[in-house]
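So you can see what is in the structure, the chains are spelled out below.
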Amino acid sequence: MIPVTALWSADRIEDAAKVLRSGELVAFPTETVYGLGGDATNDLAVARIFEAKGRPRFNPLITHVPDLTAARDLAVFDARAERVAREFWPGPLSLVLPRAPNSPVSLLASAGLDTLAIRMPAHPLALALLRATGRPLAAPSANRSGRLSPTSAGDVMAELGGRIAAVLDGGRSAVGIESTVLDLSGAEPRVLRPGGVATEALEKLLGHVAAAGAPSEAPRSPGMLASHYAPERPLRLEARDARPGEALLAFGLGPAPKGFREVRWLSRSGDLMEAAANLFAALRALDRPEVAGIAVMPIPERGLGVAINDRLRRAAAPRLS
Ligand code: TXA
Ligand code: MG
């Protein structure tokens, strides 16, 4: 237990890098959500990540790198992977690739798999921290297991304060939803988790891209388990009218349906990018004891709407505990 978690601004990057090299944890901003960072080459640091999140199992983590050259030391890039990385990095896309023969990444970070998920984030503080640390950083979203992902330093403090050494404050996350996880380790490219890069954009480069397995299949990406990203209040999707005590998460051009105790807009102009950026913060803001439930207006199933609906369906799924 760490009694006090430091809140650091950009001028403390060197301190943060030193803490990370010593095997302690620092949460840092990325363009998607805040990450809970630890040295990906240090088994103890990676174990601390699972401990701090209270993860019931060792799900594989995404390893973050400052550039493509660093990524090639960790995993095997074929021609497809090179092309996709050049097009979308830095950015909200994680690539699942075969582990390089001498990959220094902890086996615990990849949960013993012979593949590795890697990404180069598009956030100046994240990139500066990766360069200053000189190690790849394993970083799941900086929330406790099963809860909403954090999109501000304050969110991280509320989730993990007292459990980690420090939080680097880089303002609100611009994309607001986690990276797309694209599996390029097999013959057919497959999206394991929809996220900040829409499948349509990947298909322009790769041709047909398969979707994550049907729910009946064993999840290939453990982050794809049912209840996940959950607020404490119950969530009701495709809402068109109010039930007693409910708050509304509104979207679209038309007026919001009446009768809700409170209304929060994901986007008034029907902009899916804006809605993704606001999603987790809006859910957090409505997740209060005096709210009986959270109703969500329909969100179109295209572009980033696929990732938004994926997160909402998980948040609405029956709870395991
Ligand atoms: O936007 C993001 O990706 C954020 C920020 C902090 O970068 N990170 C994040 O990490 O969401 P995490 O650990 O919460 O999600 C990792 C996802 C999970 O769905 C996991 O199952 C999948 O990536 N994953 C990781 N390694 C994998 C592998 N080798 N094979 C298949 N799936 C993998
Ligand atoms: Mg997460």
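Because the structure is a prediction, the values reported are computed rather than measured. (Residues numbered from 1 in each chain as written. Chains lettered and ligands numbered in written order. Predicted model: local features only at pLDDT ≥ 70, side-chain atom pairs only at ≥ 80, totals over all residues. Heavy atoms only, no water.)

**Some words on the side chain of arginine 284**
Mapped onto the secondary structure, arginine 284 falls in helix H8 (residues 272-286). Residue classification places arginine 284 among the buried residues on the basis of a relative accessible area of 18%. Excluding residues that lie within four positions of it along the chain, arginine 284 makes contacts with Leu148, Ser149, Pro150, Asp155 and Glu159. (Helix = DSSP H or I, 4+ residues; strand = E, 2+ residues; numbered from the N terminus. Buried < 20%, exposed > 50% of the residue type's maximum accessible area, 1.4 Å probe, protein only. Contact = heavy atoms within 4.5 Å.)

**Things to note about the domain arrangement of the protein**
With domains assigned, the protein is organised as domain 1 (6-211) and domain 2 (235-316). Domain 1 and domain 2 are separated by 27 Å when their C-alpha centres are compared. The partner domain 2 presents 16 residues to the 21 residues of domain 1 that form the contact. Surface buried jointly by domain 1 and domain 2 totals about 1400 Å² across both partners, of which 57% is contributed by carbon and sulfur atoms. Per-residue buried area on domain 1 facing domain 2 is highest for Leu148, Ile177 and Pro194; these three make up 40% of the total on that side. Taken together, domain 1 and domain 2 are joined by three salt bridges. The residue glutamate 178 makes a salt bridge to arginine 311 at a minimum N-O spacing of 3.0 Å. At the junction of domain 1 with domain 2, the criterion picks out eight residue pairs in polar contact (both at pLDDT 80 or more). Across the side of domain 1 that touches domain 2, the residue classes break down as nine nonpolar, six polar and six charged. (Domains from an automatic or database assignment. Buried area = accessible area lost by both parts, 1.4 Å probe. Salt bridge = Lys/Arg side-chain N within 4 Å of Asp/Glu carboxyl O. Polar contact = N/O pair within 3.5 Å; in protein donor to acceptor, adjacent residues only side chain to side chain. Nonpolar A, V, L, I, M, F, W, Y, C, P; charged D, E, K, R; others polar.)

**Remarks on the environment of methionine 297**
Note that methionine 297 resides in the loop between strand S14 (293-296) and helix H9 (304-316). Judged by its relative accessible area of 12%, methionine 297 falls in the buried class. Through-space distance from the C-alpha of methionine 297 to that of alanine 239 is 4.9 Å; in sequence the pair is 58 residues apart. Setting aside residues up to four positions removed in sequence, methionine 297 forms contacts with Ala239, Leu248, Leu249, Ala250, Phe251, Pro255, Ala256 and Pro257.

**Brief notes about the sheet that holds strand S12 (residues 246-251)**
Ordered by their spatial adjacency, four strands build an open sheet running S11-S14-S12-S13, and the pairing between neighbours is parallel. The strands lining the two open edges of the sheet, one partner per strand, are strand S11 (235-236) and strand S13 (262-267). Judged from the four bridges that link them, S12 and S14 form a sheet pairing that is parallel. Across the sheet, residue alanine 247 finds its bridge partner in S14, namely isoleucine 294. (Pairing = 2+ DSSP bridges.)

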